[in-house]
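# Examination of the molecular architecture
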Amino acid sequence: QVQLAESGGGVVQPGGSLSLSCAASGFTFSAYGMHWVRQAPGKGLEWVAFIRNDGTNKYYGDSVKGRLTISRDNSKNTLYLQMNSLRAEDTAVYYCARGYKWFDPWGQGTLVTVSS
Amino acid sequence: AIQLTQSPSSLSASVGDRVTITCRASQGISTALAWYQQRPGKAPDLLIYDASSLESGVPSRFSGSGSGTDFTLTISSLQPEDFATYFCQQFNSFSWTFGQGTRVEIK
């Protein structure tokens, strides 16, 4: 069945960097756009970034532009999120999700904590 | 960016109740709206897309309606497994936003 599995979360100091991965299985990864969505503890959902199926176009939420970079490797069925210049307000569970207009399905999420 | 405002922020209901949640967009989005259910500690699940289309495998007690700026999610007869938080989400011009969520609690 369709599965998405995030990894790479952890604790990082303000100003630091972290790289997240999302391993996809059970579907033709190269045929689908992919998203990153985050959720701060006890808060709502915030769309972070989208990448087209072939990686040619990328879009970002205003709060992460210039600091977070989405990419993909279709030969490895893997989605990435490179996170630089991290701030306390980036603390959240980060989910990858398949789709274009909608998000379906979602991975289980990986927690990123930005703290000194 | 288009903003989505859900109401109420939370509600208490009993098993068997009919529940309606509203989502209002800051500008018209036609039917480019989806609804998700999120249980505690879990990732969200897609319930409704294109404002009124039921996702495969989702029980028929869930329904969605609306277009333009005003949308509703209705649960016709609340079941124990439906106690969760519900989010609306819109897509417009390569920007995606979510409502703030509605928590459905047991009365």
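Here, the structure is the one placed above.
Anyway, here's the lowdown on the structure attached to this text. (Residues numbered from 1 in each chain as written. Chains lettered and ligands numbered in written order. Predicted model: local features only at pLDDT ≥ 70, side-chain atom pairs only at ≥ 80, totals over all residues. Heavy atoms only, no water.)

Take the overall build of chain B next. From N to C terminus, chain B includes zero helices and 11 strands. Ordered by position from the N terminus, the helices and strands of chain B form the series β-β-β-β-β-β-β-β-β-β-β. Relative to a compact globule of 107 residues, whose C-alpha radius of gyration would be 13 Å, chain B shows 13 Å and is just as compact. In terms of overall dimensions, chain B has C-alpha extents of about 40 × 25 × 25 Å along its principal axes. A buried classification covers 46% of the 107 residues belonging to chain B. Long-range pairs, those at least 24 residues apart, make up 55% of the contacts in chain B between residues at least 6 apart in sequence. (Helix = DSSP H or I, 4+ residues; strand = E, 2+ residues; numbered from the N terminus. Rg over C-alpha atoms; globule rule 2.2 N^0.38 Å. Buried < 20%, exposed > 50% of the residue type's maximum accessible area, 1.4 Å probe, protein only. Contact = heavy atoms within 4.5 Å.)

Let us look at the sheet that holds strand 1 (residues 3-7) of chain A. Residues and elements named next belong to chain A. Reading across the sheet, the four strands line up as 1-3-8-7 and stay open at both edges, with antiparallel pairing between neighbours. Looking at strand neighbours, the two that pair on one side only are strand 1 and strand 7 (68-73), the edges of this open sheet. When the angles between neighbouring strand axes are averaged without regard to direction, this sheet yields 15°. (Pairing = 2+ DSSP bridges. Axes fitted to C-alpha atoms, helices over the stretch in contact; angles between N-to-C directions.)

Size of an interface: often given as the accessible area lost when the parts come together. Contact with chain B, which involves 20 residues of that partner, is made by 18 residues of chain A. Here chain B and chain A share an interface that buries about 1700 Å² over both sides, 69% of which is from carbon and sulfur atoms. Per-residue buried area on chain B facing chain A is highest for F94(B), W96(B) and F98(B); these three make up 41% of the total on that side. Where chain B packs against chain A, one counts zero salt bridges. Put simply, chain B and chain A have six residue pairs in polar contact (both at pLDDT 80 or more) between them. Contributing elements (two or more residues each) for the side of chain B that touches chain A: strand 4 (33-38), strand 5 (45-49), strand 9 (85-92) and strand 10 (95-98) of chain B. Ranked by residue count, the leading element in the side of chain B that touches chain A is strand 4 of chain B, at four residues. Of the residues assigned to the side of chain B that touches chain A, the class counts are 13 nonpolar, four polar and three charged. (Buried area = accessible area lost by both parts, 1.4 Å probe. Salt bridge = Lys/Arg side-chain N within 4 Å of Asp/Glu carboxyl O. Polar contact = N/O pair within 3.5 Å; in protein donor to acceptor, adjacent residues only side chain to side chain. Nonpolar A, V, L, I, M, F, W, Y, C, P; charged D, E, K, R; others polar.)

Now for the packing of aromatic side chains. Enumeration according to the criterion identifies 20 aromatic pairs over all chains in this entry. An angle of 45° between the planes, with centres 4.7 Å apart, marks the rings of W47(A) and W96(B) as tilted. Of the two residues, W47(A) sits in strand 5 (residues 45-51) while W96(B) sits in strand 10, which places them in two different chains. W96(B) carries the same exposure label as W47(A), and that label is buried. Members of the aromatic cluster, connected to one another through ring pairs, are W47(A), F50(A), Y59(A), Y100(A), F91(B), F94(B) and W96(B). Residue placement shows R72(A) over the ring face of F29(A); its charged tip is 4.2 Å from the ring centre. Note that R98(A) overlies the ring of Y32(A), its terminal NZ or CZ placed 4.3 Å from the centroid. (Phe/Tyr/Trp six-rings, centres within 6.5 Å; stacked < 30°, edge-to-face > 60°. Lys NZ or Arg CZ within 6 Å of the ring centre and 35° of its normal.)

Here we come to the nonpolar core. Residues and elements named next belong to chain A. Membership of the largest hydrophobic core comes to 26 residues, with the highest contact counts inside it found for W36, L79, L81 and Y94. Per-element tally for this core: the top contributor is strand 3 (residues 18-25), with four residues. Look past the residues within four positions of Y94 in its chain and what remains in contact with it is E6, L20, W36, V37, R38, V48, L68, L81, M83, G109, T110 and V112. (Core = buried A, V, L, I, M, F, W, Y, C linked by side-chain atoms within 4.5 Å.)

Residues and elements named next belong to chain B. Tracing the backbone shows R61 in the loop between strand 6 (53-54) and strand 7 (62-67). Classification of R61 as buried rests on a relative accessible area of 17%. Looking at R61, its side chain comes within polar contact range of the side chain of D82, at 2.8 Å. Leave out the neighbours within four places in its chain, and R61 touches T74, I75, S76, S77, Q79, E81 and D82.

Just distances and angles here, no functional claims.
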